[in-house]
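Single-letter residue listing:
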Protein chains: 2
Amino acid sequence: MEKLSLPPLRDHCVRVKMLAAPVNPADLNMIQGTYPILLPLPAVGGNEGVGEVMEVGRGVTGFRPGDWVVPTDAGFGTWRTEAVCGADDLIQVPKDISLLSAATIWVNPCTAYRMLHDFQHLQPGSTVIQNGANSAVGQAVIQIAAALGVKTINIIRDRPKREELVQELRRLGADFVITEEELQREGLDRVFQEVPRPKLGLNCIGGISGGLVLSQLNDGATLVTYGGMAKKPLQVPAKSLIFKNITFQGFWMTQWKRQHRKDVRRLNSMLTVLCELVRSGRLTPPKCVQLPFPQYSQALNATLQSHQRKHVLLM
Amino acid sequence: MEKLSLPPLRDHCVRVKMLAAPVNPADLNMIQGTYPILLPLPAVGGNEGVGEVMEVGRGVTGFRPGDWVVPTDAGFGTWRTEAVCGADDLIQVPKDISLLSAATIWVNPCTAYRMLHDFQHLQPGSTVIQNGANSAVGQAVIQIAAALGVKTINIIRDRPKREELVQELRRLGADFVITEEELQREGLDRVFQEVPRPKLGLNCIGGISGGLVLSQLNDGATLVTYGGMAKKPLQVPAKSLIFKNITFQGFWMTQWKRQHRKDVRRLNSMLTVLCELVRSGRLTPPKCVQLPFPQYSQALNATLQSHQRKHVLLM
């Protein structure tokens, strides 16, 4: 933790006091240099978080002191107490949602939202299948899909307190929860007596787990990969491409936001829908460990280990 | 070879005398039962070929005796001397192209044409990379791309008379020809000083060879798989999906034709373009071994072995 001087507040700038910022695995990848965004050093870590506007430059009309804001783009450096930045580096979030929701709404729920909207035309009764269903994105997928009337088939890894997790995901709105081992052993024939085969598969793991998602898709479906936790490539047999006509695409939230950052209306409309889901209790943040900022190394160490709850720093 | 009686010529039917029919690897897969189309038995083999209209039913207006025709769909059974079929099972081809061109125009050149038109918007100067560049489709890709002003990077397997094949493909219009081994050893840095990275990759092999195509693509490119000759899956690292935003799709000509068989204008417009390329000498059929129909088993046996020239039966 270092003390830095803030730059002067120029006309189109805003001074923000950070309130809360999560520690995400991608934040650590960025520090490790394995993420495709490398910041010039020295740099401040953290890509997500919520802050409060303290002061605005003379040319700023979109924000007032007291507003809550989140950084529009990755690379902001949210692990800090204060920042001075351009007004167009921020987007306002309403203050009638919890601090934890505000701090965690702009990466994972947005990823889930876009993947459910931008690849296949899903209707009430359509089915989506995903692995890593217990991840932060996975939980958001379950909740947003449930709000859309879209059925979810959720694959998790086997673990000691499996039934507890199954119940937790079911409470969020998961229609079906199955472990990788059960899926390999039993398939999903019984599930497909109740719901159609999925038009959309979401894969954040790759390797065998990605293949499990692929094998259950309907003809003409899309498999969207947004992570590679297993660090093993997806194995794609020619027949799933040629005869099942499955399309494989990737999704990277950071890239999407960079492409759409000028389209403020589109960003705001997504945020409005997500905040409405939060207010009505249909989108809750994943269970988090909240830590005061000075205990940041505990949060970073925990995030380096898998199967840990998300950690959020309170500034 | 069996003698069958032709069914009577109904009002909307046509009697066709087959003139020439290739033996393609997919024909053998269909007989082996490994192709996703299974015909009710007993069945006639062969999916491609040209015939001459001998007689038309009273309700047929689109064909006259003497016209050349090819079957619109797979499963026609072209390895026969005569057939009676519905008029809408046929499409007319002009008689001012060679018999060999007519017999081989409706599967492989169409596959090449569709892959060059339906996945990425290619412009003169754009680049396409393909493996299996010496296949019938690969040769059609080279020629159609050259006519469009699109540059091709063509990957072949190393072989005894390599330089001869390189020259052959160059004469067809190939801009760059490289063996898999050269590509693995040297990369394509020198090529990319002359042409942009490819927006489109075409893969008929899979496995390592498919990975070689993938690794050279530009960000945002599409990799189209239309075959799996290596019988090994394509290995797709998460980063090529997420950070390079590459889309993986499949193409199956049979499926495309079934989806568009009512769209006669679209079928004819593709055929018109291809025939015009044939007439102007810019699209030539692959070098073929022509055999009289009774020597069919020689043609079938040769096709079962790889690295053999295409065999065409003359009825």
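As the structure is a prediction and not an experimental result, all values here were calculated from the model.

## A look at the relation of the copies chain A and chain B
When chain A is fitted to chain B, the best match, at an RMSD of 0.0 Å, comes from turning it 180° and sliding it 0.0 Å along the axis. Each copy turns onto its partner about a two-fold axis. Here 100% of the interface residues in chain A have copies in chain B that are interface residues too; the copies meet face to matching face.

## Quick notes on the side chain of E180 of chain A
Residue and element names in this part refer to chain A. Following the sequence through the fold, E180 ends up in helix α6 (residues 180–186). Buried charge without a partner: E180 forms no salt bridge, and the closest opposite charge is R157, 5.1 Å away. Dropping the residues within four chain positions of it, E180 is found in contact with I155, I156, R157, I205, S209 and L212.

## Considering the packing of helix α3 (residues 108–117) of chain A against helix α10 (residues 264–279) of chain A
Residues and elements named next belong to chain A. With their axes 11 Å apart at the nearest point, α3 and α10 run at an angle of 105° to one another. The angle between α3 and α10 places the two elements in the roughly perpendicular class. Across the interface between the two elements, P109, C110, Y113 and R114 of α3 pack against R266, M270, V273 and L274 of α10. For the contact of α3 with α10, the per-class residue count stands at 6 nonpolar, no polar and 2 charged.

## Some remarks on unusual backbone geometry
Residue and element names in this part refer to chain A. In the segment running from L41 into P42, the intervening peptide bond is cis, with an omega of -5°. Within the secondary structure layout, P42 lies in the loop between α1 (25–32) and β2 (50–56). Unlike most non-glycine residues, N245 shows phi in positive territory, near 55°. Topologically, N245 is positioned in the loop between α8 (238–242) and β12 (247–250).

## Observations concerning the pairing of strand β14 (residues 310–314) of chain A
All names here are of chain A. Within β14, 4 of the 5 residues are buried, leaving the element largely enclosed by the surrounding structure. Pairing of strand β1 (residues 13–23) with β14, which is carried by 4 bridges, proceeds in the antiparallel orientation. Pairing of V23 across the sheet is with H311, part of β14. What joins strand β13 (residues 288–292) to β14 is helix α11 (residues 296–304), and the crossover it makes is right-handed.

## Remarks on the environment of N154 of chain A
Residues and elements named next belong to chain A. With respect to the helices, strands and loops of the structure, N154 is situated in strand β7 (residues 151–156). Each C-alpha atom of the pair N154 and V141 lies 9.7 Å from the other, and the pair is 13 residues apart in sequence. Setting aside anything within four residues of it in sequence, one finds N154 in contact with Q130, A133, I142, A174, D175, F176, V177 and I178. Among the polar contacts made by the side chain of N154, one reaches the side chain of T152 at a distance of 3.0 Å.

## Details of the pairing of strand β9 (residues 200–203) of chain A
Residue and element names in this part refer to chain A. Neither face of β9 is left uncovered, since the one carrying L200 and L202 and the one carrying G201 and N203 both have all their residues buried. Alignment of strand β6 (residues 127–130) against β9, held across 3 bridges, turns out to be parallel. Opposite V128, over in β9, you have L200 as the bridge partner. When β9 meets strand β10 (residues 222–225), the two strands line up parallel, connected through 4 bridges. Note that in β10 the partner of N203 across the bridge is T225.

## Re the interface of chain A and chain B
Each side of the interface is counted separately: chain A has 23 residues, and chain B has 23 residues. Between chain A and chain B, a total of about 1,900 Å² is buried, with carbon and sulfur atoms accounting for 67% of that surface. Across the chain A-chain B interface, the total number found is 0 salt bridges. Counting across the chain A and chain B interface gives 4 residue pairs in polar contact (both at pLDDT 80 or more). Of all the elements in the fold, those that place two or more residues in the side of chain A that touches chain B are β11 (234–236), α8 and β12 of chain A. At 4 residues, the largest contribution of residues to the side of chain A that touches chain B is made by β12 of chain A. Here the side of chain A that touches chain B is built from residues that sort into 15 nonpolar, 8 polar and no charged. Where β11 of chain A and strand β11 (residues 234–236) of chain B come together, 3 bridges link them in antiparallel fashion. Counterpart to Q235 of chain A in the pairing with β11 of chain B is Q235 of chain B.

## Some thoughts on the UniProt feature "domain: Enoyl reductase (ER)" (unreviewed entry) in chain A
Mapped onto this numbering, the UniProt entry gives "domain: Enoyl reductase (ER)" (unreviewed entry) at residues 1–313 of chain A. Secondary structure within residues 1–313 of chain A divides into 33% helix and 22% strand; the distance between the first and last C-alpha atoms comes to 13 Å.

Thresholds, definitions, all that
- Every chain is numbered independently, its residues counted from 1 as its sequence is written.
- Think of it this way: whatever chain is written first is A, whatever ligand is written first is 1, and the rest follow in order.
- pLDDT decides what is reported in this predicted model: residues at 70 or higher carry local features, side-chain atom pairs at 80 or more are listed and counted, and totals for whole chains, interfaces and linings draw on all residues regardless.
- Note that the side-chain values use all heavy atoms of the structure and ignore hydrogens as well as water.
- Superposing the copies works by least squares over the C-alpha atoms of residues that have pLDDT at least 70 in both of them.
- Here, two residues are considered to be in contact whenever any of their heavy atoms come within 4.5 Å of each other.
- Starting at the N terminus, helices and strands are each numbered in turn, a helix being any DSSP run of H or I of at least four residues and a strand any DSSP run of E of at least two.
- In this scheme, a residue with accessible area under 20% of its type's maximum is buried, one over 50% is exposed, and one in between is partly exposed, where area comes from a 1.4 Å probe on protein chains only.
- In this count, Lys and Arg are taken as positive residues and Asp and Glu as negative ones, while His and the chain termini are left out.
- The working definition used for a salt bridge is a side-chain nitrogen of Lys or Arg within 4 Å of a carboxyl oxygen of Asp or Glu.
- Here the axes come from fitting lines to C-alpha atoms, over the contacting stretch only for helices, and the angles between their N-to-C directions go from 0 to 180 degrees.
- Should an angle fall under 35 degrees it is called roughly parallel, over 145 degrees roughly antiparallel, and 65 to 115 degrees roughly perpendicular, with every other angle called oblique.
- Following the grouping adopted for this structure description, the nonpolar residues are Ala, Val, Leu, Ile, Met, Phe, Trp, Tyr, Cys and Pro, the charged ones are Asp, Glu, Lys and Arg, and the polar ones are all others, Gly among them.
- Strand pairing is assigned whenever DSSP detects at least two bridges linking the two strands.
- Note on handedness: a crossover is taken as right-handed if, strands pointing away from the viewer, the path from the first strand over the helix to the second is clockwise.
- Here a polar contact is taken to be a pair of N or O atoms separated by no more than 3.5 Å, where protein atoms must pair a possible hydrogen donor with a possible acceptor and residues adjacent in sequence count only if both atoms sit in side chains.
- The term buried area refers to how much accessible surface (probe radius 1.4 Å) is lost by two components on association, counted for both of them together.
- UniProt positions are given in the numbering used here, feature names are shortened, and annotations may be inferred rather than shown by experiment.

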